[in-house]
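Structure assessment
Below are the chains, spelled out letter by letter.
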Amino acid sequence: MGKLGIAYRLETDGAVYKNESVEASVITDIIHGFDPNWEDFIVLEPSMPLENSIYLQAATEGEGMSGFVVEIRFVYADDSFKHYDYKTTDKGEIVRMFLEYWGAQKLPDLSQWNDITSTFA
């Protein structure tokens, strides 16, 4: 179990990991194993929101694309939400975001992220 008594659920294309099975090496291996020509993804959900964030996810952009998209969702007490995405080609950057979210309960720096909430309306 992480700090603050937070448990995590990790889901990928091929497996679901419950709290005890979520480890830095698992997160790192999944992300480094992303194949740009396949629809790979990873979703990390804390058992309780981290500063209103209910999950962090990353996925390949799609066949023939070399990048990845990372998304985070925030849900508020009034049931409103905000959803942001960030595109990168750097798997190491994605790994760092996930390890900080999981290990330090630290949100990514959203200053370079895009607010895509309106696409869900």
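Here, the structure is the one placed above.
This section reports on the structure supplied with the text. (Residues numbered from 1 in each chain as written. Predicted model: local features only at pLDDT ≥ 70, side-chain atom pairs only at ≥ 80, totals over all residues. Heavy atoms only, no water.)

Some thoughts on the overall build of the chain
Keep this limit in mind: Labels follow the DSSP assignment, with helices taken as runs of H or I lasting at least four residues and strands as runs of E lasting at least two, numbered in each case from the N terminus. This radius of gyration counts C-alpha atoms alone. The globule rule is 2.2 Å times how many residues there are, raised to the power 0.38. Summary of the burial criterion: residues with accessible area below 20% of their type's maximum are buried, those above 50% are exposed, and those between are partly exposed, where the area comes from a 1.4 Å probe applied to protein chains only. We call two residues in contact when some of their heavy atoms are within 4.5 Å. Areas reported as accessible are Shrake-Rupley estimates using a 1.4 Å probe. Residue values count occlusion only from the protein chains shown. When charges are counted, neither His nor the chain ends are considered; positive counts come from Lys and Arg and negative counts from Asp and Glu. Every charge is mapped to an atom, namely NZ of Lys, CZ of Arg, CG of Asp or CD of Glu.
Scanning the chain from terminus to terminus reveals two helices and seven strands. Secondary structure elements of the chain, listed N to C terminal, follow the sequence β-β-α-β-β-β-β-α-β. What you see for the chain is a C-alpha radius of gyration of 14 Å, in line with the 14 Å of a compact globule of 121 residues. Expressed as a percentage of the 121 residues in the chain, the buried residues total 41%. Sequence separation of 24 or more characterises 52% of the internal contacts of the chain that already satisfy a separation of 6 or more. For the chain, the exposed surface amounts to about 6700 Å²; the carbon and sulfur share of it is 50%. Counting 9 positive and 21 negative side-chain charges, the chain places the averaged centre of each group 4 Å from the other.

A few points about the nonpolar core
For clarity, the cut-off: Remark: nonpolar core denotes a set of buried residues (Ala, Val, Leu, Ile, Met, Phe, Trp, Tyr, Cys) joined through side-chain atoms within 4.5 Å.
Core analysis: the biggest nonpolar cluster contains 27 residues, and Leu10, Ile42, Val70, Ile72, Phe98 and Trp113 have the highest contact counts within it. Going through the elements one at a time, strand E1 (8-12), helix H1 (24-32), strand E3 (41-46), strand E4 (53-60), strand E5 (68-75), strand E6 (81-88) and helix H2 (91-103) are the ones with two or more residues in this core. With five residues, H2 is the largest single contributor of residues to this core. Not counting the four nearest positions on each side in its chain, Trp113 is found in contact with Leu56, Val70, Glu71, Ile72, Tyr84, Asp85, Tyr86, Met97 and Pro108.

What about the environment of Tyr86?
Put simply, the rule is: Under this definition, polar contacts are N or O atom pairs within 3.5 Å; protein pairs additionally need one hydrogen-donor-capable and one acceptor-capable atom, and for neighbouring residues in sequence, both atoms have to be side-chain atoms.
Secondary-structure assignment places Tyr86 in strand E6. As for Tyr86 and Val70, which are separated by 16 residues in sequence, their C-alpha atoms are 5.1 Å apart. Among residues more than four places away in sequence, those in contact with Tyr86 are Phe68, Val69, Val70, Glu93, Met97, Gln112 and Trp113. Among the polar contacts listed, one links the side chain of Tyr86 to the side chain of Glu93, at a separation of 2.6 Å.

Quick word on H1
Where we set the bar: As used here, the arc belongs to the directions running from the helix axis to the C-beta atoms.
Buried within H1 are the following residues: Val26, Ile27, Ile30 and Ile31. Angular distribution of buried residues about the axis of H1 spans 120 degrees; they occupy a single face of the element. Structurally, H1 contributes buried residues whose contacts are with E1, strand E2 (16-17), E3 and H2.

What about the sheet that holds E1?
In plain terms, the rule: Strand pairing requires that DSSP identify at least two bridges connecting the strands.
Strand order in the open sheet made by the seven strands is E2-E1-E3-E4-E5-E6-E7, with antiparallel pairing throughout. This sheet does not close on itself; its edge strands, each paired only once, are E2 and strand E7 (114-115). Taken together, the four bridges between E3 and E4 define a ladder with antiparallel strand orientation. Of the residues in E4, the one forming a bridge with Leu44 is Leu56.

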